[in-house]
Every structure is written in C-alpha cells, then in structure tokens.
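# Structural description and commentary
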Amino acid sequence: MARGGKAFKAVAKGMAVVASAAAVIERRRRAAMAADFHETLHPPHPVDQLDRADPAADPAARLLPGPLPGPRGAAVPVAAAVAAAPVPVTAPPVPAAATAPTAAPVAAPAAPLPPHGHFGRPATPAEAVPWGLRVAAESTWRLLLLGAALYVVFYIVDMLRLVAFAVLASLLISALLEPTVSWLRRHGVPRSLAAGGVFMSGLAGIGLVGWFVVWQVTTNLETVTSKVKAGVDQLRDWLITGPLHLTEQQITDFANQITKAISTNSEQITSASLTGAQIAVEVLTAVLLAFFTTFFLLYDGERIWNWALRGLPRHSRYAMAGAGPKAWATLTAYVRGTVCVAFIDAVCIGVGIQLLGVPMALPLAVIIFLGAFVPLVGALVTGTVAVLIALVTTTPWTALMVLVVLIAVQQIEGHVLQPLILGRAVRVHPLGVVLGVAAGSIIGGIGGAIVAVPLIAVTNTVVTHLRRRNEAGQAVFTALEAAREAATRPPTP
C-alpha cells in the first residue's frame, strides 16, 4: 500500500508539472496574440519605418538599430527612444533645402479586423484546407468535366453513328489507297484520273472478294448441309448410346419444346427480322456514304485538311499542322500492316483447314481475312466458325486440330508479325490493344472494335508530337532567356 501511495503521488506531481507548463505556454501565446493585435491597430510611424529601412538616415539608429519595447508590448520608435535617452548624439549639418517646411506626414490607416475577429485563423476557409486535398479536389472536378465532355461526344457519335462509321471507314480505305494515288500523281497522272482510277480499282477488288465468297458458299452449300444433317444424327445417337443415356422420347420432347418456343415467339422473331431489314438498309446507306467520302478524300484530301485547320484557333493551327501528317502516316502504316498481317493469317489458316479436310476452306479463309482487321482477337473469333463447321462435318479430333491451328497462327501474329510488320509506326501496348478492342466493341459493336485500335494509335501519335513540340519550345525559351541574361550582365573585372 505504501508503494502504491508513493506511485500515485509521483503521478500526481508529474501531472501538475505538465499542467503548469501548459498554462505557461497558453499565457505566452495569448500575450503574443495581444501584441500582434495591438501592433495591427497601431502601426509604426512612417519615420520609424524609414529609420528601420535605412539606418544611415538617422545617426541614432546606429546606437539603437531597432524598436524598443514599450508598455503592453507596443513598439517605441527609434527617434523617440533617442530623444528620451541621456546619450549625447551629434547630428550632422542639415542642408538648407531640408529645412523647408514640409507637409505633416499622414499616419497610415489602421488595419481593419478580419471578419472572424481572430488573427490566428486563416483569412478564408479555403486556406485551412490542406494543400494535397485541394489539389485532389481540383483534379477531380477537372476529370469529371473531361468525362462529361467525352460522354457528350460519344452520345453525339452514337446519335450519328451511321455518318460516323461511314467517315471512319472511308478514312481507313483512303489510308490504304492514298499512297497509290500519290505515286500516280508524282509520275504525271492528273489528280482526277489518279483518284478515280484507284477508287474504281479498289471498288472492283471489294466486289470480286464478295462475289467469290458468295460463289463458294452457294457451291458448297448442299454438301455442307448434308454433312450437317449427318453430324446432327451422330449427335443424336451419341446422346442415346453415350454416357447421358437419353431416350428417344426425351429427345423428341426437347425438339417439340424448341418448336413451341419458336411458334410462341413468332411476333418477336418477326420484329427482329424487321429490325434486321432496317439494319440492312442502314448498312447499305453507310456503305454508299463511305464510298462517296472515300472518293473525295482521295481526290481533294489536302484541301479538306486545310479547311479543317482554318476552323481551329489561330494559336493551335501550327501545332496541328505538324501533328496531322504524322497522324496520317501512322494511320497509313497501321492499315497497310494490318492488311498484310490479315492476309498472312488467312493464308496460313486456310491452308491448315484445307489440309485437315474441312469443307469451304476458301470462304472460311476470306472470312478470317476480314475478321483479322480486329487485332489479336479478330482472326481467333472468326476462326471459331471453321471449328464449328469441322465439328459438325468431320470428327471432334479434326475440330480440335483446327483450334490448335488457330491458336498457333494467333501466337505467331502477336509475337512475330505485329512487331515485325508494324514496327515502330504504331506504338501501342498489347494490353492497350485488348482494352481498346473491348471498349470499342461495347460502345460501337463490330465497327467500334475495328476503329478502336487505329484511333488509339493516331491519338498516341498526336499527343506525343504535341508534347515534344512543347518541350522543344520550352528549351528554346530557356536558351533565349539565358542568352539575354548573359548579354545584360555587367562584365566581370
């Protein structure tokens, strides 16, 4: 008990010492605040300020260089202190011009009290917010504003998706055909003849590809249909004799349920067919608009670009005038490289399908060629059609081998063809490609997936060019400022 009482007394003494120290600190803080408040209400005289600013103006300042403490923390001017001091001071002779009567100095008005009546607090609530939190808040509302602007842009594009996709498709086709037009014009061919000839040649090529696909499908349709029926019969036998052990009645009931669902939802299917017809009309309109736009881009693309530059602010024209050709070069390299990679994918997969004995190898190769315009995933997705056809027309082992061929060609494309053919023209990371294709397919479907990667590549090129241009301009400005300072600096002895 005695030890406990001693410990309690020691703790009590320690708490008392801490409380007395806190009281002393609080009294000093209040005295300092009162001194600041009194000095704010009664600022020093201008003469005192002159004395403080220039000690040579008053000989007394050499003896008393600063203000003296007065009653209640007030500062006593140096001149008053010198007048009251018993120390003799010999003043220098005053010129006659200095003895002329002058106007009495006007005292500076007293500083008003802050709105909150307390000098220890910030003037505004914003100053009390930490700097990091203010930066985060301002960055957040700017990001929200940028997101709202992008949302409005995408909303307008979605409303005008027919025109938007037609223009984007025409840009891709023009990027593929424009080098040929430029080559013909450099060799003396008139502009209208070069643009018209290349455009008609491209149109004829697209028409021949479409005719070839339709011809191959209609030629092999009867054979594929018979093989599909045989595959369905094999699947039926497997369901009965396989590990599931289904009966004929269960399979018949399942088929009847599918037929009943189709007949019950005939209205929805009819409306879907009408929607499909409307989509077909929209697609045909977009194709015609894309052809029309492509011709004028090939014929008068330079004038169209100059007209677009005149719509920009004057201080942004020079920057965009340099970024435009680089963006067009990137788009051209991307389209030509993608066509080359898609052709290699289609040839390799088509040869593999043909060697495995899958019917309609050539139409499937053309479909894979068109799907390969979506990088990394397009050929694999369209190649699943070949896997399904191999599954219903041949054996499951053959379908598995077709899948192996698809994956192997896709790996060669991602690790060899893309870096080798595209090279440094399109610097987009594979993760950016995959995320861009996914976002584009969500926003715009198949068309969005096709234009997502070239849009990312062009945006990356433009941003890189503008950043380098700003860095170069800043370096030139720094060099000019250094040269100016060196020219105005006095020579050293």
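Residues numbered from 1 in each chain as written. Predicted model: local features only at pLDDT ≥ 70, side-chain atom pairs only at ≥ 80, totals over all residues. Heavy atoms only, no water.

### What about the nonpolar core?
In terms of nonpolar packing, the biggest core is built from 20 residues, with Ile 349, Ile 353, Val 358, Leu 364 and Val 402 touching the most fellow members. Looking at this core, the elements with two or more residues in it are helix H10 (314-355), helix H11 (361-371), helix H12 (378-393) and helix H13 (396-422). Beyond its immediate stretch of four places on either side in the chain, Ile 349 contacts Ile 368, Val 405, Leu 406 and Val 409. Among the nonpolar cores identified, the runner-up in size contains 18 residues, and Leu 331, Val 335, Val 374 and Ala 457 belong to it. (Core = buried A, V, L, I, M, F, W, Y, C linked by side-chain atoms within 4.5 Å. Buried < 20%, exposed > 50% of the residue type's maximum accessible area, 1.4 Å probe, protein only. Helix = DSSP H or I, 4+ residues; strand = E, 2+ residues; numbered from the N terminus. Contact = heavy atoms within 4.5 Å.)

### Quick notes on the pattern of salt bridges
Within this structure, the stated rule accounts for four salt bridges. Ionic pairing is found between Arg 191 and Asp 300, a salt bridge with its closest N-O pair at 3.6 Å. Of this pair, Arg 191 sits in helix H7 (residues 191-241) while Asp 300 is found in helix H9 (residues 266-310), placing the two residues 109 residues apart along the sequence. In this structure, Arg 484 engages Glu 481 in a salt bridge whose closest nitrogen and oxygen atoms are separated by 3.7 Å. (Salt bridge = Lys/Arg side-chain N within 4 Å of Asp/Glu carboxyl O.)

### A word on the packing of H11 against H12
The relative placement of two packed helices comes down to the angle between their axes together with the axis-to-axis distance. Viewed as axis vectors pointing N to C, H11 and H12 meet at an angle of 160°, and their least axial separation amounts to 7 Å. The angle between H11 and H12 places the two elements in the roughly antiparallel class. Both H11 and H12 take part in a crossing whose hand is right-handed. For the pair H11 and H12, contact is made by Leu 364, Ile 367, Ile 368 and Gly 371 and by Gly 378, Ala 379, Thr 382, Gly 383, Val 385, Ala 386 and Ile 389, respectively. Within the contact of H11 with H12, the residues separate by chemical class into seven nonpolar, four polar and no charged. (Axes fitted to C-alpha atoms, helices over the stretch in contact; angles between N-to-C directions. Parallel < 35°, antiparallel > 145°, perpendicular 65-115°, else oblique. Left-handed = near helix turned anticlockwise from the far one by under 90°. Nonpolar A, V, L, I, M, F, W, Y, C, P; charged D, E, K, R; others polar.)

### Comments concerning helix H14 (residues 430-488)
Compared with an ideal rise of 1.5 Å per residue, which puts 59 residues at 87 Å, H14 spans 53 Å between its outermost C-alpha atoms and falls more than 12% short. At Gly 444, H14 shows its largest kink, close to 145°. (Expected span 1.5 Å × (residues − 1). Bend = angle between axes of the 7 residues up to and from the residue.)

### Observations concerning a positive patch on the surface
Together, Lys 326, Arg 427, Arg 467 and Arg 468 make up a region of like positive charge exposed at the surface. The exposed category is assigned to Arg 468, whose relative accessible area is 54%. (Patch = residues over 30% accessible without salt bridge, like charges linked within 9 Å, V, L, I, M, F, W, Y side chains within 5 Å. Areas by Shrake-Rupley, 256 points an atom, 1.4 Å probe, with all protein chains shown as cover. Lys, Arg positive; Asp, Glu negative; His and termini not counted. Charge placed at Lys NZ, Arg CZ, Asp CG, Glu CD.)

### Topic: the packing of aromatic side chains
The description of an aromatic ring pair rests on the distance of the ring centres and on the angle between the ring planes. Per the stated rule, a full pass over the model turns up seven aromatic pairs. On the numbers, 5.7 Å between centres and 0° between planes, the contact of Trp 211 with Trp 215 is stacked. Of this pair, Trp 211 and Trp 215 are both found in helix H7, four residues apart, which corresponds to roughly one turn of the helix. Taking relative accessible area as the criterion, Trp 211 reaches 55% and is therefore assigned exposed. (Phe/Tyr/Trp six-rings, centres within 6.5 Å; stacked < 30°, edge-to-face > 60°.)

### Considering the environment of Arg 469
Looking at the secondary structure, you find Arg 469 in helix H14. Looking at Arg 469, the relative accessible area reads 38%, which means it is partly exposed. Through-space distance from the C-alpha of Arg 469 to that of Ala 323 is 9.7 Å; in sequence the pair is 146 residues apart. Apart from residues lying up to four places away in sequence, Arg 469 is in contact with Tyr 318 and Ala 319.

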